[in-house]
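Here is how the chains run, residue by residue.
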Amino acid sequence: MGISGVISAVLIGLIIGALGRLVLPGRQRIGMLWTIAVGIAAALVGTGIAAGLGVSETRGIDWIEWAIQVALAAAGVAALQRFKDRA
């Protein structure tokens, strides 16, 4: 993976993580790096789930894949917030 792949992963992680945070009510007290990490993980896992369901390759924008990724990011942000609240 070259530098452009790393930059792409960070940007996609930022977008997916931010959308995941926007879905959740209230304020989440996690940092930007955690948001990016959750977003990258959600994007990777969401792409795998979408491929398994057969909806990762569609004409136009892959709205179902994006929805899966954002839902996973929201779940990841919520889980991380609960973990940080307990610690």
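All residue numbers here refer to positions counted from 1 along the written sequence of the relevant chain. For this predicted model, a pLDDT threshold of at least 70 governs which residues receive local features, and a threshold of 80 or more governs which side-chain atom pairs are given and counted, while totals over whole chains, interfaces and linings are taken from all residues. Derived side-chain values reflect all non-hydrogen atoms in the structure, with water molecules and hydrogen atoms excluded from consideration.

For helices the rule is a DSSP run of H or I covering at least 4 residues; for strands it is a run of E covering at least 2, with both sets numbered from the N terminus onward. Structurally, the position occupied by E65 is in helix α3 (residues 63–86). Exposed residues in this analysis have more than 50% of their type's maximum accessible area, buried residues have under 20%, and partly exposed residues fall in between, with area computed by a 1.4 Å probe over protein chains only. Under the convention used here, Asp and Glu are negative, Lys and Arg are positive, and both His and the chain ends fall outside the count. Salt bridge, as used here: a side-chain nitrogen of Lys or Arg that lies within 4 Å of a carboxyl oxygen of Asp or Glu. Here E65 is buried and forms no salt bridge, its nearest opposite-charge partner R59 lying at an N-O distance of 14 Å. Identification of polar contacts relies on pairs of N or O atoms within 3.5 Å, with a donor-acceptor requirement for protein atoms, meaning one able to donate a hydrogen and the other able to accept it, and with residues adjacent in sequence counted only if both atoms are side-chain atoms. A polar atom in the side chain of E65 sits 3.0 Å from the side chain of T47. The contact rule is simple, with two residues in contact once any of their heavy atoms fall within 4.5 Å. Ignoring anything within four residues of it in the chain, the contact list for E65 reads G46, T47, A50 and S56.

Let us look at α3. Working rule for helices: expected span equals 1.5 Å times residues minus one. With 24 residues, α3 should cover 34 Å at 1.5 Å per step; its first-to-last C-alpha distance of 35 Å lies within 8% of that length. Residues of α3 that are buried include every one of E65, I68, Q69, V70, A73, A74, V77, A78, L80 and Q81, and no others. Buried residues along α3 sit in contact with α1 (3–23) and α2 (32–53).

A separate point is the environment of D62. Inspection of the secondary structure puts D62 in the loop between α2 and α3. A C-alpha to C-alpha distance of 30 Å links D62 and R82, two positions 20 residues apart in sequence. Ignoring any residue separated from it by four or fewer positions in sequence, one finds D62 in contact with V55, S56 and E57.

For helices, the axis comes from a line fit to the C-alpha atoms of the stretch in contact; other axes are also lines fit to C-alpha atoms, and the angle between any two N-to-C directions lies between 0 and 180 degrees. Where α2 contacts α3, the two axes come as close as 7 Å, and the packing angle between them is 140 degrees. Our classification of the angle between α2 and α3 gives oblique. For the pair α2 and α3, the sense of crossing is right-handed. When α2 is examined against α3, the residues W34, V38, A42, A43, V45, G46, T47, I49, A50 and L53 are found in contact with a partner set consisting of E65, I68, Q69, L72, A73, G76, V77 and L80. Basically, the charged four are Asp, Glu, Lys and Arg, the nonpolar ten are Ala, Val, Leu, Ile, Met, Phe, Trp, Tyr, Cys and Pro, and anything else, Gly included, counts as polar. Split into classes, the residues belonging to the contact of α2 with α3 amount to 13 nonpolar, four polar and one charged. Angles below 35 degrees are treated as roughly parallel, those above 145 as roughly antiparallel, those between 65 and 115 as roughly perpendicular, and all remaining angles as oblique. Handedness of a crossing follows from how the near helix is turned relative to the far one, being left-handed for an anticlockwise turn of less than a right angle and right-handed for a clockwise one.

This brings us to α1. Its 21 residues place the ends of α1 30 Å apart at the C-alpha level, agreeing with the 30 Å of an ideal helix rising 1.5 Å per residue. By the burial criterion, the buried members of α1 are G13, I16, G17 and G20. End-on view of α1: buried residues confined to an arc of 100 degrees, all on one side of the axis. Residues I3, S4 and L22 are exposed on α1 and point more than 90 degrees away from its buried face. Each C-beta atom gives one direction from the helix axis, and the arc is the one those directions make.

In this section: the environment of A67. Counting through the fold element by element, A67 comes out in helix α3. As a C-alpha pair, A67 and T35 span 32 residues in sequence and 17 Å in three-dimensional space.

Across soluble globular proteins, nonpolar side chains have a tendency to be buried as a group. Residues enter a nonpolar core if they are buried and are Ala, Val, Leu, Ile, Met, Phe, Trp, Tyr or Cys, with the set joined through side-chain atoms within 4.5 Å. L24, I30, V38, A74, V77, A78 and L80 together form the largest nonpolar core, which totals seven residues. When residues in this core are grouped by element, the largest group, four residues, is from α3. Not counting residues up to four positions away in its chain, the partners in contact with L80 are I30, W34 and V38. I16, A42, A43 and V70 belong to the second largest nonpolar core, which has five residues in total.

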